[in-house]
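Single-letter residue listing:
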Amino acid sequence: MENLALIESFSEFKDDKLIDRVTLMAILEDVFRNALKKKYGSDDNFDIIINPDKGDMEIWRNRVVVADGEVEDPNEEISLSEARKIEEDFEIGEDVSEEVKLMDLGRRSILALRQNLIAKIHEHDNTNIYKQFKDLEGEIYTAEVHHIRHRAVILLDDDGHEIILPKDKQIPSDFFRKGDNVRGIIESVELKGNKPAIIMSRANPLFLEKLFEQEIPEVFDGLITVKKVVRIPGEKAKVAVDSYDDRIDPVGACVGMKGSRIHGIVRELGNENIDVINFTNNTNLFITRALSPAKVTSLTIDEEHKRVEVILKPEEVSKAIGRGGHNIRLAGQLTGYEIDVLREGAEEDVELTEFSDEIETWIINEFKKIGLDTAKSVLEKDLSFLVNSTDLEEETIIEVVNILKEEFEE
């Protein structure tokens, strides 16, 4: 009954944890064998019989009978006189099986055994959680806000698993309250110590791709393929789509009548502006489409350096660049080319780099970031636009504008 009473306290783990009978038996046996090794030096000659369903267990030690006074290893050998106390007709050379009570291991060993068991079961649970979520990497997952920290939101799913949504993986406009349901992709799963760290992201381009799969039936069914997604989270995104069936308009199918299909995705992403573009292997045409809504007059591609010069009418330049330079930056990421915008009829224009003796390089680079790489392209912009679109001080911009104006004054 001693063994039964003790094992009953261990069997509670089977009810509390999602652990199958075979695994529980293996963990229990491993824990008890470790305890036997500490007590007797070896567990090779012990048989452990566990029945976790009934909550009972038996441990038997097997020893060989030797003559009195010839016992060299008391763990594996027993003297004839000691053996006959167990059963009177034992003879030298016979095997003796004797039951070991858990109490024989000592109180401290039993406490250590229980702690070891708890650790082993937690390790098993963490390994299972790691495997479960590792298989979900790149997939959309929903969990509830548990509490909000300065650098991350901590979520819990229906099974109580903790999921971390770091600040830099959120959309800038995201605002959560405790109890809110949050959707994102499982971006990464790592074991930190023995505990899995599950990271969710809403800023990853893959989240937008998976939303297309979830919300647009033709994408889910494979009739439309999402070729590439680029994003500035919460601001703007470009999605290149293709269909192998000429009867299907991939852009129309994704957007829907009056934007009905894409509206839910836009709302999920904090009103992120999404351009859906028809993919093509024709590089010229793909770059032209990527710069939408701007209309391209002509372009010249430098394949070696992966650059393209795009000629636009003056009124189309701001459309190509977009607010904060977002449109031209995403078009470059989508196509894989660095895009230089030139104005139609701007032969007399001068590259900003020509002013490097008067304007510092880092300042020129700030203008280039928003697609302004010539003198006239800067002069055509309002001062307020330049201040809002760059990280430059107003005084610095005025100084640059004055330098550029001198170039065109007679």
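Engineer: Outline the overall build of the protein chain, supporting the account with residue identities and numerical values.
Structural biologist: In terms of regular secondary structure, the protein chain is built from 15 helices and 15 strands. Its C-alpha atoms give the protein chain a radius of gyration of 36 Å, more than 25% over the compact-globule value 22 Å for 410 residues. Projecting the C-alpha coordinates of the protein chain onto the three principal axes gives extents of approximately 125 × 55 × 45 Å. Sequence separation of 24 or more characterises 58% of the internal contacts of the protein chain that already satisfy a separation of 6 or more. Accessible area of the protein chain: about 23000 Å², with a carbon and sulfur share of 46%. If the 53 positive side-chain charges of the protein chain are averaged to one point and the 88 negative ones to another, these points end up 4 Å apart.

Engineer: Give me the pattern of salt bridges: which residues, what numbers.
Structural biologist: Pairing is possible between side chains of opposite charge, provided their charged atoms come close. Scanning all chains against the criterion turns up 24 salt bridges. A salt bridge links Lys134 to Glu137; the shortest N-O distance between them is 3.1 Å. By relative accessible area, which is 34% here, Lys134 ends up partly exposed. For Lys306, the salt bridge is made with Glu303, and the minimal N-O distance between the two is 3.7 Å. For Glu303, a relative accessible area of 44% gives the class partly exposed.

Engineer: An account of the sheet that holds strand E13 (residues 296–302) is requested, with residue identities and associated values reported.
Structural biologist: Within a beta sheet, neighbouring strands are joined by backbone hydrogen bonds and run either parallel or antiparallel to one another. Strand order in the open sheet formed by three strands is E13-E14-E15, and the pairing between neighbours is mixed. Only two strands of the sheet have a single neighbouring strand rather than two, namely E13 and strand E15 (338–343). Each neighbouring strand pair of the sheet contributes to a mean axis angle of 20 degrees, computed without reference to strand direction. The pairing of strand E14 (residues 307–312) with E15 spans six bridges and is classified as parallel. Bridge pairing in E15 places Val310 opposite Val341. Across the sheet, helix H10 (residues 314–321) touches E14 and E15, and the angle it forms with E14 is around 135 degrees.

Engineer: Report on the side chain of Asp43, specifying residues and quantitative values.
Structural biologist: For Asp43, the location among the structural elements is in the loop between helix H2 (21–40) and strand E1 (46–51). Ignoring any residue separated from it by four or fewer positions in sequence, one finds Asp43 in contact with Arg33, Leu36 and Lys37.

Engineer: Give me the confidence of the model for the protein chain: which residues, what numbers.
Structural biologist: Predicted confidence across the protein chain gives a mean pLDDT of 86, with 91% of residues reaching 70 or more. The model gives residues 1–6 a pLDDT under 50, and that stretch makes 15 contacts with residues more than four places away or in other chains.

Engineer: Account for the pairing of strand E11 (residues 236–243), naming residues and giving values.
Structural biologist: Two faces make up the sheet, and in a regular strand the side chains alternate between them. In terms of burial, E11 is a largely internal element, eight of the eight residues being buried. Along E11, one buried face is formed by Lys236, Lys238, Ala240 and Asp242 and the opposite face, lined by Ala237, Val239, Val241 and Ser243, is buried too. Judged from the eight bridges that link them, strand E10 (residues 224–232) and E11 form a sheet pairing that is antiparallel. Note that in E11 the partner of Val229 across the bridge is Val239. Hairpin remark: E10 followed by E11, antiparallel, with three residues in the connecting loop; positive phi at Gly234, about 80 degrees.

Engineer: Before we move on, could you go through the packing of helix H5 (residues 205–215) against helix H8 (residues 260–268) and cite the residues and values that matter?
Structural biologist: Here H5 crosses H8 at 145 degrees, and the two axes come no closer than 10 Å. In this structure, H5 crosses over H8, and the sense of that crossing is right-handed. On the side of H5, the interface is formed by Phe207, Leu208, Leu211, Phe212 and Glu215, while H8 contributes Ile262, Ile265 and Glu268. Among the residues forming the contact of H5 with H8, the class breakdown is six nonpolar, no polar and two charged.

Engineer: Please give an account of the packing of aromatic side chains that cites residues and values.
Structural biologist: If you walk through the whole model with that rule in mind, you get three aromatic pairs. Judged by centre distance (5.2 Å) and plane angle (35 degrees), the ring pair of Tyr40 and Phe46 falls under tilted. We classify Tyr40 as partly exposed; its relative accessible area is 21%. Taking 5.3 Å as the distance between ring centres and 70 degrees as the angle between the ring planes, the aromatic pair formed by Phe133 and Tyr141 counts as edge-to-face. Residue Phe133 is classed as buried on the basis of its relative accessible area, which comes to 0%. Geometry around Phe385 places Lys381 over its ring, the cationic atom sitting 4.9 Å from the centre.

Criteria and thresholds
- Residues numbered from 1 in each chain as written.
- Predicted model: local features only at pLDDT ≥ 70, side-chain atom pairs only at ≥ 80, totals over all residues.
- Heavy atoms only, no water.
- Helix = DSSP H or I, 4+ residues; strand = E, 2+ residues; numbered from the N terminus.
- Rg over C-alpha atoms; globule rule 2.2 N^0.38 Å.
- Contact = heavy atoms within 4.5 Å.
- Areas by Shrake-Rupley, 256 points an atom, 1.4 Å probe, with all protein chains shown as cover.
- Lys, Arg positive; Asp, Glu negative; His and termini not counted.
- Charge placed at Lys NZ, Arg CZ, Asp CG, Glu CD.
- Salt bridge = Lys/Arg side-chain N within 4 Å of Asp/Glu carboxyl O.
- Buried < 20%, exposed > 50% of the residue type's maximum accessible area, 1.4 Å probe, protein only.
- Pairing = 2+ DSSP bridges.
- Axes fitted to C-alpha atoms, helices over the stretch in contact; angles between N-to-C directions.
- pLDDT = per-residue confidence, 0-100.
- Left-handed = near helix turned anticlockwise from the far one by under 90°.
- Nonpolar A, V, L, I, M, F, W, Y, C, P; charged D, E, K, R; others polar.
- Phe/Tyr/Trp six-rings, centres within 6.5 Å; stacked < 30°, edge-to-face > 60°.
- Lys NZ or Arg CZ within 6 Å of the ring centre and 35° of its normal.

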